[in-house]
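Survey of secondary and tertiary structure
Chain by chain, the residues run as shown.
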Amino acid sequence: MQERYHVISTLVENKPGVLQKVAGLFTRRGFNIDSITVGQSEVDGLARMVIAVKADDKILEQVTKQLNKQVDVIKIKDISKNAVKRELCLVKVNIPNEKARAEIMQYVNIFRANIVDVTEETLIIEITGDMEKINAFISLLKGYGIKRISRTGLTAMARGV
């Protein structure tokens, strides 16, 4: 069976150790979690965990069944196909000269990013969007010399009701 990219939204008890238990189930099955984000949900005492992973459908189904058996797990949904997916990324890039600064600022405008810090030598740029958008932006900046990249990982929400 072929591996696909899956985005799993999980509602869990907001208490210590739950993240480790959930991540452990994926690890024991040999999955590398591409990203995992956790934060408070719309329900007091519950957190929403968004997990991005490459897996085949059969093994992912087994992991989902095991997650459902966990006392701390309230609800699990694969939202891979019908969701709004976003990531936040900060990129610190060199500014070798004024021409480069102007070019980088054009990229920032085109990609609807924001410059959040400026020094004589570097810019820190904040960009949000899907992974493809962020990867394309980073690719354009590589020629200037990227000093640091910090990515939050994917967060997502199912569309509709």
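Please read these numbers as outputs of a predicted model, since none were measured by experiment.

To continue, consider the layout of surface pockets. The rolling of a water-molecule-sized probe over the atoms marks out the regions of remaining empty space. Estimates place the volume of the largest pocket at around 290 Å³. Lining the largest pocket are 14 residues, and of these S9, R48, K77, M157 and A158 sit closest to its centre. Of all the elements in the fold, those that place two or more residues in the lining of the largest pocket are β1 (4–13), β4 (73–78) and β9 (155–158). Counting only domains with at least three residues in the lining of the largest pocket, you end up with domain 1 (4–81) and domain 2 (84–158).

Here we come to the domain arrangement of the protein chain. By domain assignment, the protein chain separates into domain 1 (4–81) and domain 2 (84–158). Contacts between domain 1 and domain 2 engage 9 residues on the former and 9 residues on the latter. Summed over both sides, the interface of domain 1 with domain 2 buries roughly 690 Å², with 63% coming from carbon and sulfur. On inspection of domain 1 and its partner domain 2, the count reaches 0 salt bridges. Here domain 1 is connected to domain 2 by 3 residue pairs in polar contact (both at pLDDT 80 or more). Secondary-structure elements contributing two or more residues to the side of domain 1 that touches domain 2 are β1, β2 (33–40) and β3 (46–55).

Once that is clear, we can look at the side chain of S9. Its location among the elements puts S9 in strand β1. At 3.4 Å, the side chain of S9 and the side chain of R48 are in polar contact. Filtering out sequence-adjacent residues up to four positions away, S9 remains in contact with R48, M49, K75, I76, K77 and I79.

The subject of this paragraph is the pattern of salt bridges. A complete count under the given rule lists 8 salt bridges for this structure. With its nearest N and O atoms 2.8 Å apart, the salt bridge here joins R151 to E87. Placement of R151 in strand β8 (residues 146–151) and of E87 in strand β5 (residues 83–94) is noted, with a sequence separation of 64 residues between them. We classify E87 as buried; its relative accessible area is 6%.

Calculation rules
For every chain, the first residue of its written sequence is number 1, and the numbers climb from 1 along that sequence. It should be noted that, the model being predicted, local features are given only for residues of pLDDT at least 70 and side-chain atom pairs only at 80 or more, the latter also being counted only at that level, while totals for whole chains, interfaces and linings use all residues. Excluding hydrogens and water, the side-chain figures rest on all heavy atoms present in the structure. We place a 1 Å grid over just the protein atoms. Points where a 1.4 Å probe fits but has no way out form a cavity, open points with protein on both sides within 12 Å along at least 5 of 7 lines form a pocket, and any residue with an atom within 4 Å of a point lines it. Grid points are joined across faces, edges and corners, and a volume is the space filled by probe spheres set on the points. Secondary structure elements are taken from DSSP: a helix is a run of H or I of four residues or more, a strand is a run of E of two residues or more, and numbering for both begins at the N terminus. Domain delimitation follows an automatic or database domain assignment. Residues count as neighbours in contact if any of their non-hydrogen atoms are within 4.5 Å of one another. Here the buried area means the combined drop in accessible surface, using a 1.4 Å probe, for two parts upon being joined, counting both sides. Just to be clear on terms, a salt bridge is a Lys or Arg side-chain nitrogen sitting within 4 Å of an Asp or Glu carboxyl oxygen. A 3.5 Å cut-off defines polar contacts: any pair of N or O atoms within that distance qualifies, except that in protein one atom must be a possible hydrogen donor and the other a possible acceptor, and neighbouring residues in sequence count only when both atoms are side-chain atoms. Note on exposure labels: buried denotes an accessible area under 20% of the residue type's maximum, exposed denotes more than 50%, and partly exposed covers the range between, all computed with a 1.4 Å probe on protein chains only.

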